[in-house]
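# Descriptive analysis of the structure
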Amino acid sequence: MKLDYLKTFKNCLDEHAELRLQQNSTVSLALVNGSLVRNEKNTSSGISSRVYKNGFFGFASSPKTDEKTVKDIINKSKENAIMLANLEKRNKSQLSGENFEVIKDFSTKKPRVSRKAKLDFLKKLHEYTAKTYKDLKSDTFVINNLDMEKNLLTSFGASGFTMIPRTLLVISLSIEKDGNTYNSYDVFGGLGQYEDYFDNPEEFYEKIDKVYTKVKEKSEGVYPEAGYKDVIMDSKLAGILAHEAIGHTTEADMVKSGSVAKDYFGEKVASDLINLVDFAYEYNNQVCPMPVYIDDEGTRPEDAVIIENGILKRYMNNKDLSRDLNDKPTGNARAYDFSDEPLVRMRNTAILPGDDKLEDMIASIEDGYYLTKPSNGQADSTSEFMFGVPNGYEIKNGKLGRAIKDTTISGVAFDVLKTVSMVSDEMTWSNAGMCGKKQVIPVGMGGPAIKCKINIGGR
């Protein structure tokens, strides 16, 4: 076991030190109109050491993991910490840690299948689609898998082995009408490996039917009217709002660099109906899409309640920044690859459900929109955001109307959350999030549907 190998270097770690042995394995297959356009398999592995001294971290890594190399990178990380500490004096005490061990392995318990079997699965999805829907311009089926295996040892005795896999199937269909091409997609799968989700292609025929219905409706739909509108943002949109527009502003490194959330601590930032939490690994006794049982500094993670009843209560942090903020570490230090230093990253960020029924929320709007899916978007440290919306419907006199074509929404997230007047009683997680803050890393996003006012872009 690699963790046992890591522990043989325990006596080489002094003061505050972390030793991480990691392997990321990815598989990506893509089939477009029945033709294989991507068939990739990659593995990245190695070891890193990080040492904290006099207010500075020193870091070193290597793809080699033999005994001599491991001892060399431990010494190199010490040298780097001392060099940085000699360049600038900081009156900071050493960081603390605890002694505990975590073993969590989410590898599939089913027999593994070959890449050819996965490709055959995609071909059957294409054959069904091509036979059933002859008016499509294109059909795309993609399988992406990431197995992230980490072994961690700290000088305080914290240790862990975690194997966190994620496997996703993307179904994307496009149709042409009046010279324009319209696209709709959906994503399936989540925490686990291919065998946990995709053993029977026939189970996905109904899901293909639903994606087709969406793209057909959109091609025959209307552009929304631009302006400040009453809308219902379905759970996937609420989740990306929680992550991109609120979550990033409340990461402690972003707060320290001047995000808008720095001035809002303890202040009213949202409607009383809004409660926003970054969950470590469970919600309602169910494992979250991207569980973190020990972070990459050896901290035992805890849920970070960021907004409670509309009040900004807490930031997400790591050991160093938690001390600056006079808080406990939340366990949000995460690194993507063995050669990456841990950063403050979200884990499973969600707005909590309320008491309203979705049908009552729709019935409460005389003239507005029900927005059901996000696409690409961006947000900044002021919480100003703009997201694409590829699917949605008109709401007229309390009832769903015509489908709408692609549009955008924009605003300042903290202002938008102050307009929330209803929150549905359902909780839905998105398993497909990949955050791109300096390093990519998988995250979970979730939430209910929320009724709010927002700028909608129109055509």
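Residues numbered from 1 in each chain as written. Predicted model: local features only at pLDDT ≥ 70, side-chain atom pairs only at ≥ 80, totals over all residues. Heavy atoms only, no water.

Per an unreviewed UniProt entry, the protein chain carries the name Peptidase and comes from Natranaerobius trueperi.

## Here we look at the nonpolar core
Judged by nonpolar contacts, the single largest core of 45 residues is most densely connected at Met233, Leu241, Ile307, Leu371, Phe385, Ile409 and Leu417. Broken down by secondary-structure element, the contributors of at least two residues to this core are β8 (227-233), α5 (235-247), α6 (252-256), β12 (304-308), β17 (367-373), β19 (384-389), α9 (413-418) and β28 (450-456). Per-element accounting of this core gives the leading share, seven residues, to α5. Setting aside residues up to four positions removed in sequence, Phe385 forms contacts with Leu241, Ala245, Gln378, Ala379, Ile409, Ser410, Gly411, Val412, Ala413, Val416 and Ile454. Val27, Leu31, Leu125 and Tyr128 belong to the second largest nonpolar core, which has 26 residues in total. (Core = buried A, V, L, I, M, F, W, Y, C linked by side-chain atoms within 4.5 Å. Buried < 20%, exposed > 50% of the residue type's maximum accessible area, 1.4 Å probe, protein only. Helix = DSSP H or I, 4+ residues; strand = E, 2+ residues; numbered from the N terminus. Contact = heavy atoms within 4.5 Å.)

## Notes on the side chain of Ser383
As for its placement among the helices and strands, Ser383 is situated in the loop between β18 (377-379) and β19. Excluding residues within four positions of it along the chain, Ser383 makes contact with Ala245, Thr249, Val260, Gly411, Val412, Ala413 and Phe414.

## What about the packing of aromatic side chains?
The relation between two aromatic rings is expressed through the spacing of the ring centres and the mutual angle of the planes. Applying the stated criterion to the full structure yields 19 aromatic pairs. Measuring from ring centre to ring centre gives 3.9 Å for Tyr133 and Tyr212, while their planes differ by 15°; the resulting arrangement is stacked. Remark: Tyr212 occurs in helix α4 (residues 205-219) and Tyr133 occurs in the loop between α3 (115-132) and β5 (136-154); sequence separation between them is 79 residues. The class for Tyr133 is buried, based on a relative accessible area of 15%. Residue class for Tyr212 comes out buried when judged on its relative accessible area of 12%. Summarising the aromatic geometry, the rings of Phe279 and Trp429 are spaced 6.1 Å apart at their centres and angled 75° between planes, so their arrangement reads as edge-to-face. Here the residue Phe279 occupies a position in strand β9 (residues 276-279), and Trp429 occupies one in strand β24 (residues 428-430), the gap between them amounting to 150 residues. Phe279 sits in the buried class, given a relative accessible area of 7%. On the accessibility criterion, Trp429 (21% relative accessible area) is partly exposed. A network of ring pairs unites the aromatic residues Phe121, Phe188, Tyr194, Tyr197, Phe198 and Phe204 as a single cluster. Above the face of the Tyr185 ring, Lys373 is positioned so that its terminal group lies 5.1 Å from the ring centre. (Phe/Tyr/Trp six-rings, centres within 6.5 Å; stacked < 30°, edge-to-face > 60°. Lys NZ or Arg CZ within 6 Å of the ring centre and 35° of its normal.)

## Section: the layout of surface pockets
Considering only enclosed or pocket space, the largest pocket measures out at about 620 Å³ in volume. What lines the largest pocket is a set of 28 residues, and nearest its centre among them are Tyr185, Ser430, Ala432, Gly433 and Met445. Taken together, the elements giving at least two residues each to the lining of the largest pocket come down to β6 (159-177), β7 (180-191), α5, β18, β24 and β25 (434-435). Residue composition of the lining of the largest pocket, grouped by class: 13 nonpolar, ten polar and five charged. (1 Å grid on protein atoms, 1.4 Å probe; cavity = no way out; pocket = protein on both sides within 12 Å on 5 of 7 lines; lining within 4 Å. Points joined across faces, edges and corners; volume = space filled by probe spheres on them. Nonpolar A, V, L, I, M, F, W, Y, C, P; charged D, E, K, R; others polar.)

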